[in-house]
Amino acid sequence: MRLIYFGVLAIVLWTGAVLAQNGPLKIEITDGVIEPLTFAVPMFEAKNIEAAAIATKISRLVAKDLTNSGLFREISANRFIAQRTTFAEAVRYPDWRAINTQALVTASVETSSTGRLTVKFRIFDVFSGVQLGRGMQLSGSTQAVRRMAHKVADQVYERITGEGPYFDSKIVFVSESGPKDKRLKRLAIMDFDGENVQFLTGNKNIVLAPRISKDGKKVLYTSFETGFPQIYLLDISTAGRKRLPTSDDGMGFSPRFSPDSKRIVYSLEQGGNSDIYLMDLATARSKRMTSSLAIDTAPSFSPDGRQIVFESDRSGTQQLYLMPVSGGTPKRISFENGRYGTPVWSPRGDLIAFTKQSNGRFNIGVMRDDGSEERLLSGSFLDEGPTWSPNGRVIMFARQTQGPKGAPSLYSVDITGRNLRALNLGAPASDPSWGPVQP
Amino acid sequence: MRLIHLAFVPFLALVACTDPEGGFNGGLLGDSSSWDDPAANAEDQSDPTSQAFFEKKIGNRVLFEINKYTLSSSAKAGLDEQARWLIDNPQYVIIIEGHADEQGTREYNLALGFRRAQSAQEYLVSRGVSGLRLKTRSYGKERPLEICSAERCYAKNRRSVTLLTAGLS
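Here the residue numbers are simple positions, counted from 1 along each chain's written sequence. Chains carry letters and ligands carry numbers; both start at the beginning, A for chains and 1 for ligands, and go up in the order they are written. Owing to the predicted nature of the model, reporting of local features is limited to residues with pLDDT of at least 70; listing and counting of side-chain atom pairs is limited to 80 or more, with chain, interface and lining totals taken over all residues. With hydrogens and water set aside, each side-chain value is computed from the structure's full complement of heavy atoms.

Visitor: How should the pairing of strand S26 (residues 352–358) of chain A be read in this particular structure?
Guide: Remark: a regular strand shows side chains that alternate across the two faces of the sheet. All names here are of chain A. Burial here depends on accessible area, computed with a 1.4 Å probe over protein chains only, as a share of the maximum for the residue type. Under 20% is buried, over 50% is exposed, and the range in between is partly exposed. Elements are defined by DSSP. Helices are runs of H or I of four residues or more, strands are runs of E of two residues or more, and each kind is numbered from the N terminus. Most of S26 is tucked away, with seven of its seven residues classed as buried. Residues Ile352, Phe354, Lys356 and Ser358 point to one face of S26 and Ala353, Thr355 and Gln357 to the other, with burial holding for every one of them. Sheet topology places strand S25 (residues 339–345) next to S26; five bridges connect them, and they run antiparallel. Pairing of Val344 across the sheet is with Ala353, part of S26. Pairing between strands requires that DSSP locate at least two bridges from one strand to the other. The hairpin formed by S25 and S26 contains six residues between the paired strands, and Gly349 there has a positive phi angle of roughly 85 degrees. The sheet contact formed by S26 and strand S27 (residues 361–367) spans seven bridges and is antiparallel. Paired with Gln357 across the bridge in S27 is Phe362. Between S26 and S27, which pair antiparallel in sequence order, lie two residues; one of them, Asn359, sits at a positive phi of approximately 50 degrees.

Right, here's the structure in full:
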């Protein structure tokens, strides 16, 4: 038995009867059309009466996460032949094959009088007739029901796709209310699926473009708290914030963390002109990185921390540029027809996501860091501000509708361009920034 | 510029102490009283030294072309009038706000708003308004004046606004 601590959740890998890691059941995520893999999540077994409602909730959430990824299709319970009763009994593969189920997830759920919740689960490759990887046990507080479901779904996703997990993650964003010309904005944080929204600031001052640190603990954002835009650093656990000393005679905006969260890159406006600066958070010392007469903004680090990508209109229109963090001449990488902004480096380092304006429309797209292989993933009246899922497979962005009542909401899309989905938060939302998978 | 900056410091420090949430609303430099505040209209426009007179009779806005921050001849003519009035009414300190329409990414538009505010400020200084009275800020596309998604609204939103505040004693 191997014990792995995941913060509030403890996860135990426990040896099942059959070990078949990297079994034949696999989704290869490529650019071609894929047939979603079929799965069944029979109602998880409740080991005690008190756990019944939680077992139902977790099994439905696991199914929902998998379905929403666009890579899986659920076989509904009314087609089930096997009526499972206990987690312990052997899987009758023919019953699941007969209804075309490729993957099966079974689990048991138990609660204790002290508020402890324990979930054990197994994943099966039905057509090969083997268990996929080892069984796993999660334990945590009964308050962590949703997180546990996301962890189970992440395991299924990870074992079948071979990609990293992303369901058990949080997203910081700007929650909006009020009319278009007097919009109120406040920072908020939510689970990846739009649940569990919590506000991090009040709505008295305009706040813009929050960016979460890679450890998920801190947020950089721009606020008009002093009446002028300035950069703030906020601690998520306490919601305490402090203004970062950018400059005495300029306004800072567009901040973003380095991968180790020790430095930030940002734009500083001085005398009307905006350039890129680098600040060491420990010393609060800033170093100028660009000095052009153009607008240089929206910088983002490469995952190895060695380069930044940013946008500049030094050529006459907004385009994307790379430069080493150690300094040097920025190199332009975007050359197709249109204006490019808000570049964000994928956590895998393979792609850069951006907002592109061309022909009166806004698109979210991705390209290699040399500007090649550009692909547009979305397009509308106003799509803006991509952020990457922690596994680099999904991009979230804001889409604003047109007209006097136009308002933004959050959308996600797979990097293949498939599975565009709106996140229904019940209120306008913008500027998402996707945090890490939680420990 | 430096003089004004120093004058602001104790004021901001006070705010930071009194409001733990950072709710800084309606103050001298606060958000709600800044752009095109209807409250200013209630003031008597017949007083030629009033804020209302400046806003209504002189005009406090200058418009810009798409993605541009250069001043057109009509923008310069408007700023000429503003400059004359501001020189005659030295009791006000001035914040110039730059704004953009919604056709642009958020941070680029913030930077573009700074450019527009700076253009207006530099022109006013060139016409004799003391730089010590002037400060700029940008709202990017956050505070449109008109809310339709068409050029007739965008044209009014690509603006700088010359905002008067009572002089700091």
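Visitor: Even after reading the chapter, I still don't get the packing of aromatic side chains, so can you show me in this structure?
Guide: One pair of aromatic rings is described through two measures. These are the centre distance and the angle between the planes. Whether two aromatic rings pair depends on their centres lying within 6.5 Å, for rings of Phe, Tyr and Trp, where Trp uses its six-membered ring; planes under 30 degrees apart make the pair stacked, over 60 edge-to-face, and the rest tilted. A full pass over the atoms with the stated rule returns 18 aromatic pairs over all chains. Between Phe224 of chain A and Tyr139 of chain B, the ring centres sit 4.9 Å apart and the planes meet at 10 degrees, which makes this aromatic pair stacked. Here Phe224 of chain A is found in the loop between strand S14 (218–223) and strand S15 (230–235), whereas its partner Tyr139 of chain B is found in strand S3 (residues 134–140) on a different chain. Of the two residues, Phe224 of chain A and Tyr139 of chain B, neither departs from the other in class, the shared state being buried. Arranged with centres 5.9 Å apart and planes meeting at 25 degrees, the rings of Phe310 of chain A and Tyr321 of chain A form a pair that is stacked. With Phe310 of chain A in strand S22 (residues 307–312) and Tyr321 of chain A in strand S23 (residues 319–324), this pair connects stretches of sequence that are eleven residues apart. Across this residue pair, the class does not change: Phe310 of chain A and Tyr321 of chain A are buried. Through a chain of ring-to-ring contacts, three or more aromatic side chains come together here, namely Tyr157, Tyr166, Phe167, Phe192 and Trp434 of chain A. Look at NZ for Lys and CZ for Arg. If either is within 6 Å of the ring centre and within 35 degrees of the ring normal, a charge sits over the ring. Lying across the ring of Phe87 of chain A, Arg122 of chain A places its NZ or CZ 4.5 Å from the centre. Arg399 of chain A extends its terminal NZ or CZ atom over the ring of Tyr411 of chain A, reaching a point 4.8 Å from the ring centre.

Visitor: For this particular structure, what's the right way to read the domain arrangement of chain A?
Guide: Put simply, an interface is often sized by how much accessible area is lost when its parts join up. All names here are of chain A. Note that the domain bounds were set by an automatic or database domain assignment. By domain assignment, chain A separates into domain 1 (2–161) and domain 2 (169–437). Taken over C-alpha atoms, the centre of domain 1 sits 35 Å from the centre of domain 2. Taken together, the contacts link 15 residues of domain 1 with 13 residues of domain 2. Interface area for domain 1 against domain 2, summed over the two sides, is near 1100 Å², with a carbon-plus-sulfur share of 41%. By convention in these notes, a salt bridge is any Lys or Arg side-chain nitrogen within 4 Å of a carboxyl oxygen on Asp or Glu. At the surface where domain 1 touches domain 2, the tally comes to one salt bridge. Two residues, Asp193 and Arg146, come together in a salt bridge whose shortest N-O distance is 3.0 Å. Definition of a polar contact: a pair of N or O atoms within 3.5 Å, with one able to donate and the other able to accept a hydrogen when the atoms are protein atoms, and with sequence-neighbouring residues admitted only if both atoms are side-chain atoms. Counting across the domain 1 and domain 2 interface gives six residue pairs in polar contact (both at pLDDT 80 or more). At the level of secondary structure, the elements contributing two or more residues to the side of domain 1 that touches domain 2 comprise helix H1 (52–68) and helix H3 (145–161). Taken together, the residues of the side of domain 1 that touches domain 2 sort by class into four nonpolar, seven polar and four charged. Contact between two residues is taken to exist if any of their heavy atoms lie within 4.5 Å; hydrogens are not considered. A simple way to read buried area is as the amount of 1.4 Å-probe accessible surface that goes missing from two parts once joined, with both sides added. Charged residues are taken to be Asp, Glu, Lys and Arg, nonpolar residues to be Ala, Val, Leu, Ile, Met, Phe, Trp, Tyr, Cys and Pro, and polar residues to be all remaining types, Gly included.

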